[in-house]
Every structure is written in structure tokens, then in C-alpha cells.
Amino acid sequence: LSLESSNELRRAKAPQKQNVSTTMAFVSGYGAALSTFVASNKICISSSKRAPVAASRKQAPVITMQQSTMSDSKKPMYSADAPDVLQEILARKVVEVETLKAEMAKDPEHPVAKYLANKGKHPRSKAFINALRKKKGHLSVIAEIKRKSPSKGKIGDIKSPATLSRLYQESGAACISVLTDFEGFGGTLKDMREVVEEQARHLGDFPGPCPVIRKDFTIDEVQIAEAAVNGASAILLIVSALKERTAELLKATHELGLDALVEVHDEEELQIALDSGAELIGVNNRNLRTFEVSLETSARLRKLMPDDKVLVAESGIRDALDAWTLRDMGFNAILVGETLVQAAEISTTDRRGYVGSFNQAKGLIKAFISKGSTQFASPSEAAFYGAGEGARESLGELEM
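Residues numbered from 1 in each chain as written. Predicted model: local features only at pLDDT ≥ 70, side-chain atom pairs only at ≥ 80, totals over all residues. Heavy atoms only, no water.

This part takes up the packing of helix H7 (residues 161-171) against helix H9 (residues 189-200). One can describe the packing of H7 onto H9 by two numbers: an axis separation of 8 Å at closest approach and a directional angle of 45 degrees. Classified by the interaxial angle, the pair formed by H7 and H9 is oblique. The interaxial crossing formed by H7 with H9 has right-handed handedness. Mapping the contact onto sequence places Pro-161, Ala-162, Ser-165, Arg-166 and Gln-169 in H7 and Asp-191, Glu-194, Val-195, Glu-198 and Gln-199 in H9. Its residues placed into classes, the contact of H7 with H9 shows three nonpolar, three polar and four charged. (Axes fitted to C-alpha atoms, helices over the stretch in contact; angles between N-to-C directions. Helix = DSSP H or I, 4+ residues; strand = E, 2+ residues; numbered from the N terminus. Parallel < 35°, antiparallel > 145°, perpendicular 65-115°, else oblique. Left-handed = near helix turned anticlockwise from the far one by under 90°. Contact = heavy atoms within 4.5 Å. Nonpolar A, V, L, I, M, F, W, Y, C, P; charged D, E, K, R; others polar.)

Because each turn of an α-helix spans 3.6 residues, side chains separated by three or four positions in sequence point in the same direction. For H9, which comprises twelve residues, the first-to-last C-alpha distance of 16 Å matches the rise-based estimate of 16 Å (1.5 Å per residue) to within 8%. Counting buried residues along H9, nine of its twelve residues qualify, which places the element largely inside the surrounding structure. Residues of H9 that are buried: Leu-189, Asp-191, Met-192, Arg-193, Val-195, Val-196, Glu-198, Gln-199 and Ala-200. N-capping of H9 is provided by Thr-188, with a side-chain oxygen placed 3.3 Å from the backbone N of Lys-190. (Expected span 1.5 Å × (residues − 1). Buried < 20%, exposed > 50% of the residue type's maximum accessible area, 1.4 Å probe, protein only. Polar contact = N/O pair within 3.5 Å; in protein donor to acceptor, adjacent residues only side chain to side chain.)

Most of strand E8 (residues 280-284) is tucked away: five of the five residues are buried. Covered by surrounding structure in E8 are Leu-280, Gly-282 and Asn-284 together with Ile-281 and Val-283, the residues of both alternating faces. When strand E7 (residues 259-264) meets E8, the two strands line up parallel, connected through three bridges. If you follow Val-262 over to E8, its bridge partner there is Ile-281. With respect to chirality, the unit in which E7 leads through helix H13 (residues 267-276) into the neighbouring parallel E8 is right-handed. (Pairing = 2+ DSSP bridges. Right-handed = clockwise from strand over helix to strand, strands pointing away.)

So, in C-alpha cells, the structure goes:
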């Protein structure tokens, strides 16, 4: 049973600019991840018959809502206190996890089972976190590929995730985030594999390939192994969903050779992330209970975050002023999805896909990482001209 078939089955069962040193450090780590991805796909290709899918559909475990927070060991897989918007998604993830485990139990040669069997033996490349480490005062961009969301609805068509990832990479993004939840966000593992394959084409180039994070709702280590088999360098751990299980899954992530972006929304969750030993912490500016977005969340939590962590601000980043403000707070990176996807979609053509030379997403990424700052100009001046070196960079791009 191929990974693509497995993904389709789980959906059917579910309820309705880089510097040279950074590039060279990344290439060595990316090679290991890529070799695993290629080897695993050879296994998938060799078992190309589609007939077993129907049989598996009949035998896949059916999990009721009452059972959905529990694994086969009867230990809660996610927090019962998670916000309502997460509850339905997490219940769906339990079904996906149990279905994948059933497939693995039937097939000892399953690529995820084989990868998981070597847990603790996979060297951690740190490709993702290292791509975000830059000198103080520099900002990295994690550019996201997302078709829709429960709060915003449709964001973009994204006919070719690979093509969009190439645009992001050429524009100076440090990393790429790919949503792989289909029901809520319109993403698949196939999307991520296409992005990984596209980025692999840039090995040895400058700028080099972007490490890829699987953006999904992780509740079990089989999802982490599945991400690794499909070429991801990192996964997302949401403290709102995991609470006390955050440390357990963070340890499993590292033992499986990946980095983890540990996402928090408030002071309590930040303390859990710090206690778990998280090195890469993301602050989501969206309140999952009210859907309100405010950069004040990042400003408030940044004061409590140690400087030795790699810090990422997520959600609510609309323009260069937002990016510069977050950088001046001390964040190492920003994760931007909706704004970049909508900007890229404006510049689509039927024949050529995304127009690279004049694409608005490219302009946004270059503006995000420019040296302009609200510290050296009034907000209105900075919005139009930047400040200092940033003004020359921005005007040069506009002139082109």
C-alpha cells in the first residue's frame, strides 16, 4: 500500500537571502533526509497495485468520539482542554493515526514501520533550525503553502505546490511550511513530497534548498516518522493540543532525526514549552478560542523568552512594518502563509504558473528580510521608503 493510497484512505475514514555558511551546513543535513525520502519512495513505487486499498477500507478501525482521545494503550492522545476549534481536528487525527498503525501492523515492510523501528538511530541534522539561525538583527522567513483554513476559508488554489515553493526559495525564504491536513486546510502529504523534490533540485545552488516543515496536528510518533519518510526536516507540536505530552513527543521527534517547532499561545503554554526543553518556539498570534489576531501576543510573550532559543512569530503578519516590528522585538523568524499565498495568486497565469519577476509574494519576502526598521524612521516613512540601508534595498527592488 503506497503512502499516497494511505493518505487517501485516512481522508476517506475521517469525519467530516541565505548566507554561505548556513547553506553549506544545510546541504549536509538535507542529504540524509533526502536519501531517506528517495529510498522510501522506491518502496512505495514497487508496491503500486491499488487493489489493497478497498480491502483496507473495510478493515480499518472505527473509532467513536468517546474513544477518540485515547490510543491503543488507553493513554490520552491529546488534551481534553484544547480549544473547541482543535477538538474536531484532533479527533480526526486519532482516526488517521489508528488507520496508519493498522496498515503498519499488516505490513512489516511498511516504510513508516521500518523508519520507526530505528528510532534513536537517526542522526538529527538540525537543517531546519540552523536555517533560521542568523546574526542578531536579521530576520528569516518561513513561507507557508496553505489553500484554506477553518477561520478564513479559501485562501488560494495553489495548483502546483512545487512551483510556489520555488518562488519562495528564489525570493529568499529560509524554510517552507506545508500544510498536510486535507479536511481543514486542503493539504496532503503529496503536496509536501512535491515541495521536497523541488527543493532538492537546488542542492549546490545559492541560495540552496529550503528545509521543509510538515504543518499538521501531531499527536503520535507515527506521524513524525511519516513526516521523515516523506522528506520533512521538521514537524509542528502545538502545546494547546498536547499539554503535558509535549516533552514526550519532542523527545521522539529528536530521536527520529527531525526538528520540532513548538507552538504556544499564552504564558502557561510557554512554560510547558520551556520545561520540555524546546529549542525552537513559535508564538501564534491567533487566539484559538476567539480567532482574534494581535501582535501584542508576541510582544507580551517575547519578554518571557530566553535569548538562547530560536523564536518564531506566527499569524497576523501583513506587511514589512509587521515583520520589522517583530524582528526589533528579538524574533529570529516569522511564519507567513495567508499573506504570501494571496500575493502569489494575484500574479498567476494559466500558461506559466507564477510570474517570478513581478510576483508580489517575492516583493513581500524581500521587504520582510530587508534592513529597514521602525527604529530609524516614522511608520509612514518606513512603509514607503524604509530606513537607512533598507531604503536603498527597497528602492532598488522597486526600480527593477
